[in-house]
Amino acid sequence: TQSTWGPSFILEQMRLGFVGVGTISSAIVKGVCLDPSTQHQIILSPRNADNSRSLASSYPSVVRVASSNQEVVDSSDWVFIAVLPPQIPEVVSQLRFRPDQLLICLAAGITHETLSPLAPGIQIVRAVPLPPVAKRQGVTLVYPNHPQVVEFFDVLGTAVPVASVAYLSKLQTLTGMMGCYYKMLDTFHEWLTQNGVEFETASKYTGAVMASIAVDGKGAGGRGFKYLINEQTPGGYNEQGIRELTEFGVWEEMTATLISLNSRWEGRTARSDGRPIVPKRQQVLTSSQTITPPSPPAPKCPINTSVVIATFTGIAIGAAAVCLFKHK
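In this report, we go over the structure that sits alongside the text. Computed from a predicted model, the values in this text were never measured in an experiment. (Residues numbered from 1 in each chain as written. Predicted model: local features only at pLDDT ≥ 70, side-chain atom pairs only at ≥ 80, totals over all residues. Heavy atoms only, no water.)

### Considering the environment of Gln101
Then, number 1: Structurally, the position occupied by Gln101 is in the loop between α5 (88-93) and β5 (102-105).
Then, number 2: Residues Gln101 and Asp77 lie 24 residues apart in sequence; the distance between their C-alpha atoms is 5.3 Å.
Then, number 3: The residues contacting Gln101, other than those within four sequence positions of it, are Val73, Ser76, Asp77, Val79, Ile122 and Gln123.
Then, number 4: For Gln101, the side chain forms a polar contact with the main-chain oxygen of Val73, separated by 2.6 Å.
Then, number 5: Reaching out from Gln101, the side chain makes a polar contact with the backbone oxygen of Ser76 at a distance of 2.8 Å. (Helix = DSSP H or I, 4+ residues; strand = E, 2+ residues; numbered from the N terminus. Contact = heavy atoms within 4.5 Å. Polar contact = N/O pair within 3.5 Å; in protein donor to acceptor, adjacent residues only side chain to side chain.)

Next comes the structure, spelled out in structure tokens:
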């Protein structure tokens, strides 16, 4: 398999060190090692010992586990810091860096102002990858714009260089909606199984149909997403899904959660203290429209797949515009 790394990476044979080997670090390592011809060397800290041993066992020609955090630093060109934010001061202050090294901080919410005194004299970049970098399909925010770091994460999916701390904070907020997206998938899946669709079929189709919808969202580039909404046929299933959720204030509630997440991300509030109260819409439902609890699972029977596709698409198209932001 031909390497997909740019010439600078092939020639330099980068040594990549990771202090902290949790979900995100593991995902980056797996993404790098998808290329069997990679010339990179990866050095992992003994923290998260099970993850480190597993990665070293899976990629023995690329990955090794160091005996200490300092050995990771001494052996690396780039040092990825991926410990929990409260652990940053203690961990980083004990490390000694070289002036030619690059420190890439993966810890959420840690600023340059916090890191610079702990690691004086070296260049610092903040990166916010999502777990699909393991499959080279993840999006990563990079601040400040560092060409080689952007090149690196572009290979692992899509790198989005960010011009300011203020922009970074707002963009990072969307990562807090990832779990909401999974909850939406689970809701769709449960509805299908409660209506007699076999569990595995419902799971496979739900994930695939939402991935299909996301393709157009990713391809929107700098155009925004309103044109996708406006494409929906008046009076059709998609328009109905958007209209009903709009009438029940779903998008206002979603915006309120974004405000709350951003307030917490920027340290202005704790947990949900920064969430604004959204005025409740008064809904008048006829008896035929009243929402009732789901009935017990019915016997498996054929369903109109085209109706299911249209219904899912209508419900999801607006949420995908908020939750799925993976585009340059």
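From this point, the discussion proceeds with the structure in view.
### Structural notes on the pattern of salt bridges
Then, number 1: Counted by the stated rule, this structure contains 9 salt bridges.
Then, number 2: For Asp77, the salt bridge goes to Arg15, with nearest N and O atoms at 3.1 Å. One end of the pair, Asp77, is in the loop between α4 (69-74) and β4 (78-81); the other, Arg15, is in strand β1 (residues 15-19), with 62 residues separating them in the sequence.
Then, number 3: Judged by relative accessible area, which is 27%, Arg15 ranks as partly exposed.
Then, number 4: Between Glu253 and Arg275 there is a salt bridge, with the nearest N and O atoms lying 3.0 Å from each other. Here Arg275 lies in the loop between α13 (250-265) and α14 (305-323) and Glu253 lies in helix α13, a separation of 22 residues in the sequence. (Salt bridge = Lys/Arg side-chain N within 4 Å of Asp/Glu carboxyl O. Buried < 20%, exposed > 50% of the residue type's maximum accessible area, 1.4 Å probe, protein only.)

### Examining the sheet that holds strand β7 (residues 138-143)
Then, number 1: Taken together, the 8 strands give an open sheet; going across it, the order is β3-β2-β1-β4-β5-β6-β7-β8, and neighbouring strands pair in mixed fashion. One side of each edge strand has no neighbouring strand; the edge strands of this open sheet are β3 (63-65) and β8 (157-161). Recorded for the sheet is a direction-independent mean angle of 25 degrees between the axes of neighbouring strands.
Then, number 2: Packing against the sheet, helix α7 (residues 147-155) makes contact with β1, β4, β5, β6 (123-129), β7 and β8, and its axis sits at approximately 150 degrees to β8. (Pairing = 2+ DSSP bridges. Axes fitted to C-alpha atoms, helices over the stretch in contact; angles between N-to-C directions.)

### Description of helix α2 (residues 23-33)
Helical periodicity: at 3.6 residues per turn, an α-helix aligns residues three or four positions apart in one direction.
Then, number 1: Of all the 11 residues making up α2, 8 are buried; the element is thus mostly covered by neighbouring parts of the structure.
Then, number 2: All buried positions along α2 are accounted for by Ser25, Ser26, Ala27, Ile28, Val29, Gly31, Val32 and Cys33.
Then, number 3: Residues of α2 that are buried sit in contact with β1, β2 (41-44), α3 (49-58), β3, β6 and α7.

### A closer look at the packing of helix α8 (residues 165-173) against α13
Then, number 1: Axis separation between α8 and α13 bottoms out at 9 Å; the angle between their running directions is 130 degrees. For the element pair α8 / α13, the angle class is oblique. Helix-helix and strand crossings are classified by hand; for α8 and α13 the assignment is right-handed. Across the interface between the two elements, Ser169, Lys170, Gln172 and Thr173 of α8 pack against Leu258, Leu261, Asn262 and Trp265 of α13.
Then, number 2: A class-by-class count of the residues in the contact of α8 with α13 yields 3 nonpolar, 4 polar and 1 charged. (Parallel < 35°, antiparallel > 145°, perpendicular 65-115°, else oblique. Left-handed = near helix turned anticlockwise from the far one by under 90°. Nonpolar A, V, L, I, M, F, W, Y, C, P; charged D, E, K, R; others polar.)

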